[in-house]
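Chain and residue survey
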Amino acid sequence: MGATKTDHFTDKQNRIATIAKALGHPARVAIIEYLLKVDTCICGDIVNELPLAQATVSQHLKELKNAGLIKGNIEGTAICYCIDENTFEILKDYFSNIILTVSNQKCC
């Protein structure tokens, strides 16, 4: 069986791409912003904040969780979501390196 396209890239490149893909929808960005604002919440609270159906919000939460951007803990019959600071540290390091490199370039 042949190699998949992602096999041609480093683990770091694949990880950043997965994170970027998860952030590639405005509803997911809105969810991240909401979680930052309230520090922690229950899924139902997120549904009340967005003009989307419960099932749609749940799908977006699943994508964010799969990318490692949020964490979820079961509390009774609800899942409490919060930001996964480790993944945002990865993004911070990645973009800081880009900004530093671009700032030091003498190109165009």
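Residues numbered from 1 in each chain as written. Predicted model: local features only at pLDDT ≥ 70, side-chain atom pairs only at ≥ 80, totals over all residues. Heavy atoms only, no water.

1. Topic: the side chain of Asp84
Quick reminder of the rule: Helix and strand definitions follow DSSP, with helices as H or I runs of at least four residues and strands as E runs of at least two, each counted in order from the N terminus. Each residue gets one of three labels from its accessible area relative to the maximum for its type: buried under 20%, exposed over 50%, partly exposed in between, using a 1.4 Å probe on protein chains only. By the counting rule applied here, Lys and Arg register as positive and Asp and Glu as negative, while His and the ends of each chain are not counted. What counts as a salt bridge is simple: a side-chain nitrogen of Lys or Arg found within 4 Å of a carboxyl oxygen of Asp or Glu. Any two residues whose heavy atoms approach within 4.5 Å at even a single point are treated as in contact.
In this fold, Asp84 is placed in the loop between strand S3 (78-83) and helix H5 (85-104). The side chain of Asp84 sits in the buried core without any salt bridge; Lys71 is the nearest counter-charge, 4.8 Å away. Beyond its immediate stretch of four places on either side in the chain, Asp84 contacts Gly68, Leu69, Ile70 and Lys71.

2. Concerning a nonpolar patch on the surface
Basically, it comes down to this: Distance thresholds for patches are 9 Å for like charges and 5 Å for nonpolar side chains (Val, Leu, Ile, Met, Phe, Trp, Tyr), applied to residues having over 30% relative accessible area and no salt bridge. Here the accessible surface of atoms and residues is derived via Shrake-Rupley with a 1.4 Å probe, and residues count as covered only by protein chains that are part of the display.
A cluster of nonpolar side chains, contributed by Phe95, Ile98, Ile99 and Val102, occupies part of the molecular surface with about 370 Å² of accessible area. Here Ile98 lies in helix H5. For Ile98, a relative accessible area of 33% gives the class partly exposed.

3. What to know about the nonpolar core
Side chains of a nonpolar character, in soluble globular proteins, are inclined to be buried together. Filter applied, for reference: Side-chain atoms within 4.5 Å are what join buried Ala, Val, Leu, Ile, Met, Phe, Trp, Tyr and Cys residues into a set we call a nonpolar core.
Ile31, Leu35, Ile46, Leu61, Leu69, Ile70 and Tyr81 are the most contacted members of the largest nonpolar core, which has 21 residues in total. Among the secondary structure elements, those contributing two or more residues to this core are helix H1 (11-22), helix H2 (26-38), helix H3 (43-49), helix H4 (54-66) and S3. A total of four residues in this core trace back to one element, the largest contributor, which is H2. The residues touching Leu35, leaving out its near neighbours within four places in the chain, are Thr40, Cys41, Ile46, Ile70, Tyr81, Cys82 and Ile83.

4. Considering the packing of H1 against H5
Applicable threshold: Between the N-to-C directions of two axes lies an angle of 0 to 180 degrees, each axis being a line fitted to C-alpha atoms and, for a helix, fitted only over the stretch in contact. Note on terminology: angles under 35 degrees are roughly parallel, angles over 145 are roughly antiparallel, angles of 65 to 115 are roughly perpendicular, and the others are oblique. Left-handed describes a crossing in which the near helix is turned anticlockwise from the far one by less than a right angle; the clockwise case is right-handed. Amino acids are sorted into nonpolar (Ala, Val, Leu, Ile, Met, Phe, Trp, Tyr, Cys and Pro), charged (Asp, Glu, Lys and Arg) and polar (every other residue, Gly among them).
Orientation of H1 relative to H5, taken along the N-to-C sense of each, is 110°, at an axis distance of 11 Å. Taken together, H1 and H5 sit at an angle that is classed as roughly perpendicular. Relative to H5, H1 is oriented so that their crossing is left-handed. From H1, Lys12, Arg15, Ile16 and Ile19 reach across to H5, where they touch Thr87, Ile90, Leu91 and Tyr94. Of the residues assigned to the contact of H1 with H5, the class counts are five nonpolar, one polar and two charged.

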